[in-house]
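# Geometric and topological summary
The primary structure of each chain is shown beneath.
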Amino acid sequence: MFTSISGRSVLVTGGTKGIGKGIAAAFAAQGAQVAITGRHAGLGEETAAELTAIGGGPVSYLHGDVADPDSCAEVVAQTQDRHGGALDVVCANAGVFPAAPLAEMTPAELDEVLSINLKGTFYVVQSALPALAASGHGRVIVTSSITGPVTGFSGWTAYGASKAGQLGFLKSAALELAKQKITVNAIMPGNIATEGLADMGAEYIAGMEAAIPLGHLGSVADIAAAALFFASDEAGYITGQTLVVDGGQIIPESLEAMG
Ligand code: NAP
């Protein structure tokens, strides 16, 4: 259906598990060369080996913390080294979602969420700019959320602010980078079944399922499909935009509204 992206060089931050792993798997299945990052080397190497064994493009793990600009620069350089000097697609996906009531949140807790989710997006994209410009079809794909930009959840003021902040970044970045033919778009997932979400507990998940018109949590493949679309040549005229992938969760005004 779409022009092949086989051989493209792709970097997925936070690609060792969850949504990022799903995105990495989807790009590798299309024959792209994929680098995934995270802060736990054991899991990262395991995931890279697992995805490479499926066949398709190679997947390698690079140790990196998106909250550290030097680490982002190093990860980008290593990705280029492994992929013949190129970097075509950056998926700024790494994120954390610890809950902290506003009344009790410490400055350190706030800093952690903003540093990883929001500043981490800046750092990895900034590091990748020369390579993305050289690509001729550079793509930045941000994993934002419905939480923050559209909806709220008690305990997630910092998380929501970080995810809404990513969308503020996206609009102006799209303008700045358009001259270099780099597009910047974001996916806004609803509730997606990942290791991170499983940590929220069964009660949270049951409550969410009841609030989703399509009746079930999304899969990492649902988000990966949106990432593949934004990375495609056919999406080359789309920039500064968002795509909600949430099973209809943001539509109903109440549970009764779902009929
Ligand atoms: P997850 O299963 O917890 O995976 C998070 C990934 O990010 C891991 O690979 C983790 O590896 C990495 N990571 C965390 N902090 C990092 C850092 N400082 N530097 C580099 N990597 C880091 O989470 P997920 O559910 O897949 O979420 C992924 C993204 O989707 C996040 O941005 C999240 O906000 C967004 N999202 C998720 C959902 C959902 O329902 N799951 C909904 C909306 C948006 P290490 O821990 O080893 O660093």
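Presented here is an overview of the structure given in this document.

Criteria and cut-off values
Residues numbered from 1 in each chain as written. Predicted model: local features only at pLDDT ≥ 70, side-chain atom pairs only at ≥ 80, totals over all residues. Heavy atoms only, no water. Buried < 20%, exposed > 50% of the residue type's maximum accessible area, 1.4 Å probe, protein only. Helix = DSSP H or I, 4+ residues; strand = E, 2+ residues; numbered from the N terminus. Pairing = 2+ DSSP bridges. Right-handed = clockwise from strand over helix to strand, strands pointing away. Contact = heavy atoms within 4.5 Å. 1 Å grid on protein atoms, 1.4 Å probe; cavity = no way out; pocket = protein on both sides within 12 Å on 5 of 7 lines; lining within 4 Å. Points joined across faces, edges and corners; volume = space filled by probe spheres on them. Nonpolar A, V, L, I, M, F, W, Y, C, P; charged D, E, K, R; others polar. Axes fitted to C-alpha atoms, helices over the stretch in contact; angles between N-to-C directions.

### Here's the deal with the pairing of strand S5 (residues 139–143)
Of all 5 residues in S5, 5 are buried; the element is thus mostly enclosed. Covered by surrounding structure in S5 are Arg139, Ile141 and Thr143 together with Val140 and Val142, the residues of both alternating faces. Relative to S5, strand S4 (residues 89–92) runs parallel, the two being bridged by 4 bridges. Along S5, the bridge assignment pairs cysteine 91 with isoleucine 141. Tracing the backbone out of S4, into helix H4 (residues 107–135) and back to the parallel element S5 gives a crossover that is right-handed. Where S5 meets strand S6 (residues 183–189), 5 bridges bridge the pair, whose relative direction is parallel. Note on S6: the bridge partner recorded for valine 142 is alanine 186. Between the parallel elements S5 and S6, the chain passes through helix H5 (residues 157–178) in a crossover that is right-handed.

### Structural notes on unusual backbone geometry
Trans is the prevailing form of peptide bonds, just as negative phi is the prevailing case for residues other than glycine. Positioned with a positive phi, lysine 181 is a non-glycine residue whose angle comes to about 60°. Positionally, lysine 181 belongs in the loop between H5 and S6.

### Focus on the environment of alanine 193
Checked against the element boundaries, alanine 193 lands in the loop between S6 and helix H6 (195–198). In the structure, alanine 193 is positioned 175 residues away from glycine 18 in sequence and 7.7 Å away in space, judged by C-alpha atoms. Once you skip the residues sitting within four places of it in the chain, alanine 193 turns out to touch Leu217, Gly218 and Val220.

### A closer look at the layout of surface pockets
Its boundaries defined by the atoms lining it, the largest pocket holds a volume of some 900 Å³. In this structure, the largest pocket is lined by 41 residues; those nearest its centre are Ala94, Gly95, Val96, Phe97 and Gly196. Where the lining of the largest pocket is concerned, the elements lending two or more residues are helix H1 (18–29), strand S2 (33–38), H4, H5 and H6. A class-by-class count of the residues in the lining of the largest pocket yields 16 nonpolar, 19 polar and 6 charged. Of the volumes computed, that of the second largest pocket is approximately 150 Å³. Along its surface, the second largest pocket is lined by Phe2, Thr3, Ser4, Ile5, Gln30, Ala225, Leu228, Phe229 and Ser232. Its residues assigned to classes, the lining of the second largest pocket comprises 5 nonpolar, 4 polar and no charged.

### A few points about the sheet that holds S4
Pairing between the strands of a sheet comes from backbone hydrogen bonds, and it takes one of two forms, parallel or antiparallel. Here 7 strands make up an open sheet; going across it, the order is S3-S2-S1-S4-S5-S6-S7 and the pairing parallel. Both edges of this open sheet fall to strand S3 (59–63) and strand S7 (242–245), since each of them pairs with a single strand only. Across the sheet, the axes of successive neighbouring strands diverge by a mean angle of 20°, strand direction being ignored. Its contacts with the sheet put H4 on strand S1 (9–12), S4 and S5, and the angle it makes with S4 is roughly 180°. Along the sheet face, helix H8 (residues 220–231) touches S4, S5, S6 and S7 and points at about 165° away from the line of S6.

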